[in-house]
Amino acid sequence: MTDWIQELKLGFIGAAQRTETFAAKHPRALTGTVVGLLSGFAVTAFGIAPLSPDAADLPRQVITESVVNIDLEAQLAALAAHELELTRNDLTRGSDTADSLLRRLGAFDPQAAAFLRTDTLGKRVLQGRPGKRVQVLADASGRVESLIVRFPAERAEQANTHFSRLSIKRGEQGFSSQLEAVPLRTQVKLGSGSVRSSLFAATDEAGIPDAIATQMADMLSGDIDFHRDLRKGDRFSVVYETLTADGEPITWDGSAGRVLAAEFVNNGRAYSAVWFKDSASGKGSFYSFDGQNKRRAFLASPMEFSRVTSGFAMRFHPILQKWRAHLGTDFGAPTGTPVRTVGDGAVEFAGWQNGFGNVVHIRHAGDRTTVYAHLSRIDVKKGQRVEQGQRVGAVGATGWATGPHLHFEFRVNGQHQDPRLIAKASESIPLPATARAQFGELVASIKTQLTVAESIGTGVSGAD
């Protein structure tokens, strides 16, 4: 058998060598043979082609449709009769008058301006703090048809749940006004970015509100010192809620919604946290993905990203003009800056108190009390229960104060203590064992959202 195979191989080799020799000596004959073969295929194709149907024998159908001429004159008449309306939006400014506001909105209506100056509700468009969202509907001549003004809810307990909507409309008898409290709506958004110079520059570039950036820094402040530890190239992804008034995002009073979860990669190391509210107890806090609470019983500061102007130490008193112990911490901030309680508790006192001016005292567990003084306004009442981070008032300069700031005290058994040391030493609030299953489901969902946020960039809205 082996000899037979060997002979067959030698035969093939010999045939190949003879073919190669023939091709070299007779190239024209070889070419003619190839052309002949191809011609044979062509003839075969020609013989098959006539078997296809003749186009002339295929059925034909004529479709007739009448075209109606467009009446251009009727269209032009309808267009000329249509009344154009102008809708514009803007924010009120501290220097606005009724006339200047309407002019900036493209409306020229003395009757509307007079109504804003004289009507009880109309006056409120320009009264109080600027920054109200104004939407005007006017005709082509600038005659105002309606004004819709949106601004913060007037009741403190509705600050994070409702907004005020002031509607001014023109009727047959002139203008009328109506004020109502309307629920805010929430919208979930995803965002991500990279640090080049600062956290706020990065979040601005990513289209993330400053209030959300502040919350993100606050929730991870135990892991990262955002004043000293940031590195160029640090990355972050965030899932957050925005509060909307009639579909428009709001930013007044820092009401920009809540961070739901965030991941921050600092110097190559990833830190993450998620907001979780226990359905049984109703308590909410930020936790790492393994269930460790990010917040302790007391926050280190009653304001977000505040500046300490006078610490817990001896100082030269600016009013009494002598050295004495400063038994609290002063935080410098503009008038109106929100002040939050550093821990859960109950309002023990809310009102005017000698040199403290407008002041709030909150009693916490363990015979501990915190004091918030020199407030421009008070947003809580005596006996009211408050939760950590809840707004209790706003920075001011009431009482013995040389300028707008917050004087903050921490007392244990009536004795003054350094607030920062108390915050660092305070106990951590553990995740309830009964909530671990619910927490695990939330973390699995949040991880997916953070992955999507990192991959698709910024400004992407989720479902309400």
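For the structure itself, look to the data block above.
Residues numbered from 1 in each chain as written. Predicted model: local features only at pLDDT ≥ 70, side-chain atom pairs only at ≥ 80, totals over all residues. Heavy atoms only, no water.

K.L.:
Would you explain the overall build of the chain in this entry?
P.N.:
The secondary structure content of the chain amounts to nine helices and 24 strands. Among the 464 residues that make up the chain, the fraction classed as buried is 38%. Carbon together with sulfur atoms contributes 54% to the accessible area of the chain, which is approximately 27,400 Å² in total. (Helix = DSSP H or I, 4+ residues; strand = E, 2+ residues; numbered from the N terminus. Buried < 20%, exposed > 50% of the residue type's maximum accessible area, 1.4 Å probe, protein only. Areas by Shrake-Rupley, 256 points an atom, 1.4 Å probe, with all protein chains shown as cover.)

K.L.:
Just to check I follow, could you spell out the sheet that holds strand β2 (residues 133-139) for this structure?
P.N.:
To summarise the sheet geometry, strands pair through backbone hydrogen bonds and adopt either a parallel or an antiparallel arrangement. Ordered in space as β1-β2-β3-β4-β5, the five strands form an open sheet in which the pairing is antiparallel. Each edge of the sheet is formed by a strand with only one pairing partner; in this case those strands are β1 (85-91) and β5 (174-183). Averaged over all neighbouring strand pairs, the angle between strand axes comes to 15°, with direction disregarded. With 10 bridges connecting them, strand β4 (residues 162-171) and β5 associate as antiparallel partners. Looking at the pairing, F163 lines up with V182 of β5. Those strands touched by helix α5 (residues 110-118) are β3 (144-152), β4 and β5, and its axis lies near 55° from that of β5. (Pairing = 2+ DSSP bridges. Axes fitted to C-alpha atoms, helices over the stretch in contact; angles between N-to-C directions. Contact = heavy atoms within 4.5 Å.)

K.L.:
Would you mind going over helix α7 (residues 210-219) with me for this structure?
P.N.:
Residues separated by three or four positions in an α-helix point in the same direction, a consequence of the helix having 3.6 residues per turn. Within α7, nine of the 10 residues are buried, which leaves the element mostly enclosed by the surrounding structure. The complete set of buried residues in α7 reads A211, I212, A213, T214, Q215, M216, A217, D218 and M219. Check the buried side of α7 and you find it contacts α6 (199-205), β7 (235-245), β9 (259-266), β10 (269-277), β11 (284-287) and β16 (338-340).

K.L.:
Would you explain the packing of aromatic side chains in this entry?
P.N.:
Within a pair of aromatic rings, the relevant descriptors are the distance that separates the centres and the angle that separates the planes. Under the criterion given, the structure shown has nine aromatic pairs. Each ring, one from F115 and one from F175, has its centre 5.6 Å from the other, and the planes form 40°; the classification is tilted. Note that F115 is positioned in helix α5 and F175 in strand β5, a separation of 60 residues in sequence. When sorted by exposure, F115 lands in the same class as F175, which is buried. Between W275 and F286, the aromatic rings sit 5.2 Å apart at their centres with planes inclined by 65°, giving edge-to-face as the arrangement. Taken together, the residues W275 in strand β10 and F286 in strand β11 connect sequence positions 11 residues apart. In terms of burial, W275 and F286 fall into one category: buried. Over the ring of F151 we find K132; its NZ or CZ atom is 5.5 Å from the centre of that ring. Directly above the aromatic system of W275 lies the positively charged group of R258, at a separation of 3.8 Å from the ring centroid. (Phe/Tyr/Trp six-rings, centres within 6.5 Å; stacked < 30°, edge-to-face > 60°. Lys NZ or Arg CZ within 6 Å of the ring centre and 35° of its normal.)

K.L.:
Could you clarify how one ought to interpret the pattern of salt bridges in this entry?
P.N.:
If the charged atoms of two oppositely charged side chains come close together, the side chains can form a pair. Here the structure, examined in full by the defined rule, presents 18 salt bridges. Close ionic contact of E180 with R165 constitutes a salt bridge, the shortest N to O distance being 3.1 Å. You can see E180 sitting in strand β5 and its partner R165 sitting in strand β4, a full 15 residues away along the chain. The exposure class of R165 is buried, given its relative accessible area of 18%. In the salt-bridge network here, residues are joined through shared partners; they are R150, R165, E180 and D246. (Salt bridge = Lys/Arg side-chain N within 4 Å of Asp/Glu carboxyl O.)

K.L.:
Just to check I follow, could you spell out the pairing of β9 for this structure?
P.N.:
On a regular strand, one side chain projects to one face of the sheet and the next to the other, so that they alternate. Most of β9 sits out of view: seven of its eight residues are buried. In terms of strand pairing, β7 meets β9 through six bridges, oriented antiparallel. In the sheet register, V238 faces β9, and the bridge partner there is A262. Pairing between β9 and β10: six bridges, direction antiparallel. The residue of β10 that forms the bridge with A261 is V274. The turn linking β9 back onto β10 is made up of two residues, and N267 within it adopts a positive phi angle of 55°.

K.L.:
What is the right way to look at unusual backbone geometry in this model?
P.N.:
In this structure, D246 is a non-glycine residue whose phi angle is positive, near 55°. Positive phi values are uncommon outside glycine, yet N413 reaches one of about 55°. Within the secondary structure, N413 is located in the loop between β22 (405-412) and β23 (415-417).

K.L.:
I keep staring at the environment of H227 and nothing clicks. Help me out?
P.N.:
Note that H227 resides in the loop between α7 and β7. The exposure class assigned to H227 is exposed, which follows from its relative accessible area of 65%. Spatially, the C-alpha atoms of H227 and A217 are 9.9 Å apart, while their sequence positions differ by 10 residues.

K.L.:
Looking at this model, I keep getting lost on the pairing of β11. Mind explaining?
P.N.:
Across four bridges, β10 lies against β11 in antiparallel orientation. From the neighbouring strand, V274 faces β11, where its bridge partner is Y287. The loop that links β10 with its antiparallel partner β11 comprises six residues; one of these, G282, has a positive phi angle of about 80°.

K.L.:
Quick question: what am I supposed to make of the side chain of T92 here?
P.N.:
Counting through the fold element by element, T92 comes out in the loop between β1 and α4 (98-104). Non-local contacts of T92, meaning those with residues more than four positions away in its chain, are made with L101, R104, V125, L126, P130, G131, K132 and V134.

K.L.:
Before we go on, may I ask you to explain the nonpolar core in this structure?
P.N.:
The tendency in soluble globular proteins is for nonpolar side chains to be buried side by side. Ranked by size, the top nonpolar core spans 23 residues in total, and within it L220, F226, V238 and F264 carry the most contacts. Put simply, the parts of the chain that give this core at least two residues each are α6, α7, β7, β9 and β10. Ranked by the residues each element gives to this core, the list is headed by α7, at four residues. (Core = buried A, V, L, I, M, F, W, Y, C linked by side-chain atoms within 4.5 Å.)

K.L.:
What is the right way to look at α5 in this model?
P.N.:
Where α5 is concerned, the buried positions are A112, A113, F115 and L116. One side of α5 holds all its buried residues, which, seen down the axis, span an arc of 155°. Away from the buried face of α5 by more than 90 degrees, exposed residues P110 and T118 are located. Residue D109 occupies the N-cap position of α5, its side-chain oxygen lying 3.1 Å from the main-chain nitrogen of Q111. (Arc of directions from axis to C-beta. Polar contact = N/O pair within 3.5 Å; in protein donor to acceptor, adjacent residues only side chain to side chain.)

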